Amino acid sequence: MQIEAAMETAFNEQMTREFASAYVYTAMAGWLHAEGFPGAGSWMEAQAAEEHAHAMRFFRFVLDRGGRVALGQIAAPPATYESILDVFERALEHERAISAAIKELYALAMEHSDYASVPLLDWFVNEQVEEEATVSQIVDDLRRAATHPQTLLLLDRELGARSSPGATG
Ligand code: FEO
C-alpha cells in the first residue's frame, strides 16, 4: 500500500524525533556516567539504543510502503544537568512529548484513512504507555531517595540491572 505524501512526511518527522530521543538519552547517559551514576548511565544507554530501534521501525515502514526516507535536523541536547532527578524529570517530559506526537500521527492516519499504519501506531501507543510508566516510577523513586545517599546508591545499582536495550520496554 503506497504511502500518501502527507503520511510519508509525518512518518519521517517522527523518525527524526526518535533519533533525537536517542541523541538526548546518549547525552544524559554521558552526564550520568561522569557524575558517578554508572547504573543510571547504563540504563540511559539502553534507552538510547531502544530509541534508535524505534526510529528504524519507522524507517522500515516508510520504505516498505514505497516511501522515501528524509531525515530532519537534530538540535544539540544539553551536556549538563542539575541532578540525577533533573535528568529523569526531563526524560519523562520528553516521553510525554513523544506520546503527544504519536497521538497526532494516529489522528492524521485516521484523517487519511491510512489503515495500513494502524498496527504500527498501536504498537507505539502501547510502548508510550509503558515508557511513561517506567520513567515516572523512576522519578518517584528518585524523589524519595533525594535526601538518602544510601538509597540513591541502591537505586543506581538497580537501574544498572537493566540487562539489554528493550528490557524495560
Ligand atoms: Fe521512542 Fe521513548 O519514545
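Residues numbered from 1 in each chain as written. Predicted model: local features only at pLDDT ≥ 70, side-chain atom pairs only at ≥ 80, totals over all residues. Heavy atoms only, no water.

Novice: Please explain the environment of V24 as it appears in this structure.
Specialist: Inspection of the secondary structure puts V24 in helix 1 (residues 5–34). In this structure V24 comes out as buried when scored by relative accessible area, which is 18%. Once the C-alpha coordinates of V24 and R90 are considered, the two residues, 66 residues apart in sequence, prove to be 9.8 Å apart. (Helix = DSSP H or I, 4+ residues; strand = E, 2+ residues; numbered from the N terminus. Buried < 20%, exposed > 50% of the residue type's maximum accessible area, 1.4 Å probe, protein only.)

Novice: Would you explain the packing of helix 1 against helix 2 (residues 38–64) in this entry?
Specialist: Geometrically, a packed helix pair is captured by the angle between its two axes and the distance between the axes. At a closest axis distance of 8 Å, the pairing of helix 1 and helix 2 adopts a crossing angle of 165°. Comparing their axes, helix 2 and helix 1 come out roughly antiparallel. The handedness of the crossing between helix 1 and helix 2 comes out as left-handed. Classifying every residue of the contact of helix 1 with helix 2 gives 18 nonpolar, nine polar and four charged. (Axes fitted to C-alpha atoms, helices over the stretch in contact; angles between N-to-C directions. Parallel < 35°, antiparallel > 145°, perpendicular 65-115°, else oblique. Left-handed = near helix turned anticlockwise from the far one by under 90°. Nonpolar A, V, L, I, M, F, W, Y, C, P; charged D, E, K, R; others polar.)

Novice: Which parts of the structure should I look at to understand helix 4 (residues 118–145)?
Specialist: Residues that lie three or four places apart on an α-helix share one face, since the helix turns once every 3.6 residues. Spanning 28 residues, helix 4 covers 40 Å between terminal C-alpha atoms, matching the ideal 40 Å at 1.5 Å per step. Along helix 4, the residues that are buried comprise V118, L120, L121, F124, E127, Q128, E131, V135, I138, V139, L142 and A145. The elements touched by buried residues of helix 4 are helix 1, helix 2, helix 3 (84–111) and helix 5 (149–160). (Expected span 1.5 Å × (residues − 1). Contact = heavy atoms within 4.5 Å.)

Novice: Quick question: what am I supposed to make of the environment of A91 here?
Specialist: Residue placement: A91 occurs in helix 3. Taking the C-alpha atoms as reference points, A91 and H54, separated by 37 residues in sequence, lie 16 Å from one another. Contacts of A91, omitting those with residues within four sequence positions, involve Y25, M28, M44 and V135.

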